[in-house]
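Understanding the architecture of this molecule
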Amino acid sequence: MTVAVVGPGAIGGTVAAHLIQSGLDPVLCARTPFDRLVVHTPAVRIEATPRVVWDPSQADPVDWVLIATKTYDVAATALWLDRLVGPATRVAVLQNGVEHVTRFAPHVPADRIVPVVVEIPAERSAPGVVVQRRDGWMKVPTGANGAAFAALFDSPDLIVSTEVDWTSVAWAKLAVNCAGAVSGLTGRSAGVVSRPDIAELMRDLVAECLAVGTAEGAVLSADLPDRVVAQTQASPPDSVNSLLADRRAGRPTEWDARNGVIARLGRKHGIPTPLNAMAATLLAALD
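Overview of the structure. (Residues numbered from 1 in each chain as written. Predicted model: local features only at pLDDT ≥ 70, side-chain atom pairs only at ≥ 80, totals over all residues. Heavy atoms only, no water.)

1. Some words on the side chain of arginine 258
- With respect to the secondary-structure elements, arginine 258 resides in helix 10 (residues 255-269).
- In this structure the side chain of arginine 258 is engaged in a polar contact, spanning 3.0 Å, whose partner is the side chain of serine 242.
- In this structure arginine 258 touches Asn96, Leu174, Asn177, Cys178, Gly180, Asn241, Ser242, Leu243 and Asn276, once residues within four positions along its chain are discounted. (Helix = DSSP H or I, 4+ residues; strand = E, 2+ residues; numbered from the N terminus. Polar contact = N/O pair within 3.5 Å; in protein donor to acceptor, adjacent residues only side chain to side chain. Contact = heavy atoms within 4.5 Å.)

2. Focus: the pairing of strand 8 (residues 113-119)
- Counting buried positions along strand 8 gives six out of seven residues, so the element sits mostly inside the fold.
- When strand 7 (residues 85-94) meets strand 8, the two strands line up parallel, connected through four bridges. If you follow valine 91 over to strand 8, its bridge partner there is isoleucine 113.
- Bridge analysis of strand 8 against strand 11 (residues 136-141) gives three bridges, and the strand direction is antiparallel. (Buried < 20%, exposed > 50% of the residue type's maximum accessible area, 1.4 Å probe, protein only. Pairing = 2+ DSSP bridges.)

3. Considering the sheet that holds strand 9 (residues 122-126)
- Read across the open sheet, the four strands follow the order 4-3-10-9; overall the sheet is mixed. Looking at which strands have only one partner, the edges of the open sheet turn out to be strand 4 (45-48) and strand 9. Ignoring which end each strand starts from, the neighbouring axes of this sheet average 15° apart.
- Pairing of strand 3 (residues 37-40) with strand 4, which is carried by four bridges, proceeds in the antiparallel orientation. (Axes fitted to C-alpha atoms, helices over the stretch in contact; angles between N-to-C directions.)

4. Some thoughts on the pattern of salt bridges
- Scanning the entire structure with this criterion turns up 15 salt bridges.
- Its salt-bridge partner being aspartate 73, residue arginine 31 comes within 2.8 Å of it at the nearest N-O pair. With arginine 31 in the loop between strand 2 (27-29) and strand 3 and aspartate 73 in the loop between strand 6 (62-67) and helix 2 (74-84), this residue pair connects regions lying 42 residues apart in the sequence.
- Here glutamate 47 and arginine 36 are joined by a salt bridge, their closest N and O atoms 2.4 Å apart. (Salt bridge = Lys/Arg side-chain N within 4 Å of Asp/Glu carboxyl O.)

Okay, structure coming up:
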């Protein structure tokens, strides 16, 4: 089984390490070359010297491509797909949002795309060096492709499972991600939600996501906004989500996949989403 990981950052590097721990030898497709992959999981240190390529011309077709780039990097990722995807290659999209298949359908047959919801708390400190803070999980739709993806992994620190109702899982994760706009816009870590007015703003952002997700067919609990706020308030006050981390580092943010998509799909269903629309507009302007 041949596997390529496109975008070996915090998520891609961690996933690559677990593939190695599972007995595979993935090729890593990176912007910046590095000689060694070192990932500290909650249980072990995984260290390896995988093949790292930084130019699409160095890549060859594989059985599986795992995309772990940012959602706004589709054009750059497509250059890799042109080289990595063969007649039977399956492509797993490990990204935020709910539009995994739509995003890459212009480049890969939709029936070979596996959308993946990812929950892996990890941080990259340097190219090829990652710390996985807690056990993680990934969820894919049921079916032959999803089962084949899950079979790639055999690691206790990363649980991969198939879900009959993947849509609901994806929208529940989006509810958490859209709430992160309060940190992205204020420039403050999770402790900012101790303010009652910020907590109420976060609650309302998630309520819009709940309404649109339900219209899209997701089955979501009515108390989802309260649970997202409570989860954020219970986290360490210095916790930094990826949106804020990208802003602080001067990188583009995934505002469209986290907030813009809620506004776009809200318009399709005639559901008002003024807060997510405003968040997307302001984050885009900051970019």
